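Structural features, examined
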Amino acid sequence: MSLSGVGMESTGYRVFSGGVWEEKYGYARAVVVGGRVIVSGCTATVDGEVRHIGDAYRQSLTAIEIALEAVMMGGLTREDVVMVRYYVVEHRDFDPVGRAIHDIFHKVRPACTGVRVAGLVDPRMLVEIEIEALRA
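For clarity, every value in this text was computed on a predicted model and none was experimentally measured.

1. Details of unusual backbone geometry
One non-glycine residue, Asp-47, lies in the positive phi region at around 55 degrees. Topologically, Asp-47 is positioned in the loop between strand S5 (45-46) and strand S6 (49-50). Overall, Asp-47 belongs to the exposed group, its relative accessible area being 53%.

2. Description of the environment of Ile-101
Here Ile-101 lies in helix H3 (residues 94-105). Residue class for Ile-101 comes out buried when judged on its relative accessible area of 9%. For the pair Ile-101 and Tyr-57, spaced 44 residues apart in sequence, the C-alpha to C-alpha distance is 9.1 Å. Excluding its chain neighbours within four sequence positions, the residues that come into contact with Ile-101 are Ile-64, Val-84, Tyr-86, His-106 and Cys-112.

3. Notes on the pattern of salt bridges
A complete count under the given rule lists seven salt bridges for this structure. Across the pair Glu-132 and Arg-36 runs a salt bridge whose closest N-O atoms are separated by 2.5 Å. Pair noted here: Glu-132 is in strand S9 (residues 127-134) and Arg-36 is in strand S4 (residues 36-42), with a separation of 96 residues, a long-range link. The class of Arg-36 is partly exposed, set by a relative accessible area of 36%. Its salt-bridge partner being Glu-90, residue Arg-92 comes within 3.8 Å of it at the nearest N-O pair.

4. A few points about the pairing of strand S7 (residues 81-88)
Taken together, the seven bridges between S7 and S9 define a ladder with antiparallel strand orientation. Residue pairing in the sheet places Val-88 in a bridge with Val-127 of S9.

5. Quick notes on the nonpolar core
Of all hydrophobic cores here, the largest spans 29 residues; its most connected members are Val-37, Val-39, Tyr-86, Phe-105, Ile-129 and Ile-131. Elements represented by at least two residues in this core include exactly strand S3 (30-33), S4, helix H2 (56-73), S7, H3 and S9. For this core, the element with the most residues is H2, which contributes eight residues.

6. Focus on the packing of aromatic side chains
Scanning the model with the defined rule gives one aromatic pair in all. Summarising the aromatic geometry, the rings of Tyr-86 and Phe-94 are spaced 6.0 Å apart at their centres and angled 65 degrees between planes, so their arrangement reads as edge-to-face. Here Tyr-86 and Phe-94 have matching classes, each one buried. Above the face of the Tyr-57 ring, Arg-99 is positioned so that its terminal group lies 4.1 Å from the ring centre.

Conventions adopted
Residues numbered from 1 in each chain as written. Predicted model: local features only at pLDDT ≥ 70, side-chain atom pairs only at ≥ 80, totals over all residues. Heavy atoms only, no water. Helix = DSSP H or I, 4+ residues; strand = E, 2+ residues; numbered from the N terminus. Buried < 20%, exposed > 50% of the residue type's maximum accessible area, 1.4 Å probe, protein only. Contact = heavy atoms within 4.5 Å. Salt bridge = Lys/Arg side-chain N within 4 Å of Asp/Glu carboxyl O. Pairing = 2+ DSSP bridges. Core = buried A, V, L, I, M, F, W, Y, C linked by side-chain atoms within 4.5 Å. Phe/Tyr/Trp six-rings, centres within 6.5 Å; stacked < 30°, edge-to-face > 60°. Lys NZ or Arg CZ within 6 Å of the ring centre and 35° of its normal.

Written out as structure tokens, the structure is:
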């Protein structure tokens with residue numbers, strides 16, 4: 001899985017990925033405040049296209065990879081992640097998303113909240129994931 005097309009850059013205390021929703025809705029991929037990196041909701045959208053249609057597990061891995069790239073651009077690592085929040089459209093996707101979170105963070109063990117929502121910005125998106133990291 002490659003995110004080379006995302007091309008994240010850090011500008012002061014903001015990290016931008018160049019994603020279509022960031023520009024359209026006027027937000028940053030992440031905000032860096034002191035030793036904390038707060039990452040906006042990430043989906044499996046790469047180069048403007050939703051990836052892994054119908055596969056919540058693979059969409060989650062892609063979303064987490066995008067979020068972790070922003071954490072790294074903010075100067076922290078996966079081991080610094082303290083909170084994961086995820087939003088699913090379908091109840092059946094809690095387990096695949098949880099499995100992806102486990103596969104990435106099982107040694108880190110951040111706090112985690114999962115919420116079912118009515119929908120996301122694109123109906124092909126099954127999950128959106130937010131991450132917060134904190135320098136210990």
